[in-house]
Amino acid sequence: MKELVERIKEDGHILGEGVLKVDSFVTHQVDPMLMEQMGQRFAEVFKEAGITKVVTIEASGIAPAVFAAKELNVPMIFARKAKSLTMDEELLTSSVYSFTKQVTSTVSISRKFLSKEDKVLIIDDFLANGQAAKGLIELCQQAGAEVEGIGIIIEKSFQDGRKLIEDMGLRVVSLARIASLTNGQVEFLEEDA
């Protein structure tokens, strides 16, 4: 997605060999017009997949997931990193390791929102080692739901997340693919959509 690639070039900041900071438009402050374009692109790519739910993890995946769900006319569910007092029903849970935060979180979704009848599109902000996507896939599998694909805003292609997900037999669609973050430069591969 050319608009996203240009925005990364303009406003992204490299914080080291493996870390790209995009907090001015994705992970802290959100550009709603860009998020809407990304959601529309994901919906366009997966429009024939029969998606019944869009699933993400809090927090940075929520905005593009909402726009994708809106375009597909289906509900969006986000996995919570902390259990709320109101979440007293049976939960689907999975452990997720965050490359950026260097912590493992238990994420959960209420079992009442996912079932074996669902066809799911998973959306996430970054794909690095694939652990967040893997955790969301596991949540969907616990419910018996079928994962139709994984939509990623920014993929760090120099890490092994894509291979992990594709080895599970799932389609990965990334809007921006980064080949490297070395010497203070962002090098791109051709994006999927």
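Note that the coordinates shown come from a computational prediction; the quantities given were computed from them, not determined experimentally.

Rules behind the numbers
Residues numbered from 1 in each chain as written. Predicted model: local features only at pLDDT ≥ 70, side-chain atom pairs only at ≥ 80, totals over all residues. Heavy atoms only, no water. Helix = DSSP H or I, 4+ residues; strand = E, 2+ residues; numbered from the N terminus. Buried < 20%, exposed > 50% of the residue type's maximum accessible area, 1.4 Å probe, protein only. Polar contact = N/O pair within 3.5 Å; in protein donor to acceptor, adjacent residues only side chain to side chain. Contact = heavy atoms within 4.5 Å. Core = buried A, V, L, I, M, F, W, Y, C linked by side-chain atoms within 4.5 Å.

Student: An account of the side chain of E191 is requested, with residue identities and associated values reported.
Tutor: With respect to the helices and strands, E191 occurs in the segment after strand 10 (187-189). Overall, E191 belongs to the buried group, its relative accessible area being 15%. A distance of 3.1 Å separates polar atoms of two side chains, one belonging to E191 and the other to K2. Dropping the residues within four chain positions of it, E191 is found in contact with M1, K2, V5, S174, L175, A176 and R177.

Student: Go over the nonpolar core, please, and point to the residues and values.
Tutor: In terms of nonpolar packing, the biggest core is built from 34 residues, with L4, M38, I51, V54, L121 and I154 touching the most fellow members. Of all the elements in the fold, those that place two or more residues in this core are helix 1 (2-11), helix 2 (32-45), helix 3 (62-72), strand 7 (119-127), strand 8 (146-156) and strand 9 (172-180). Sort the elements by how many residues they give to this core and helix 2 lands first, with 6 residues. Apart from residues lying up to four places away in sequence, M38 is in contact with M1, L4, I153 and L175. Residues V55, I77, L92 and V120 belong to the second largest nonpolar core, which totals 26 residues.

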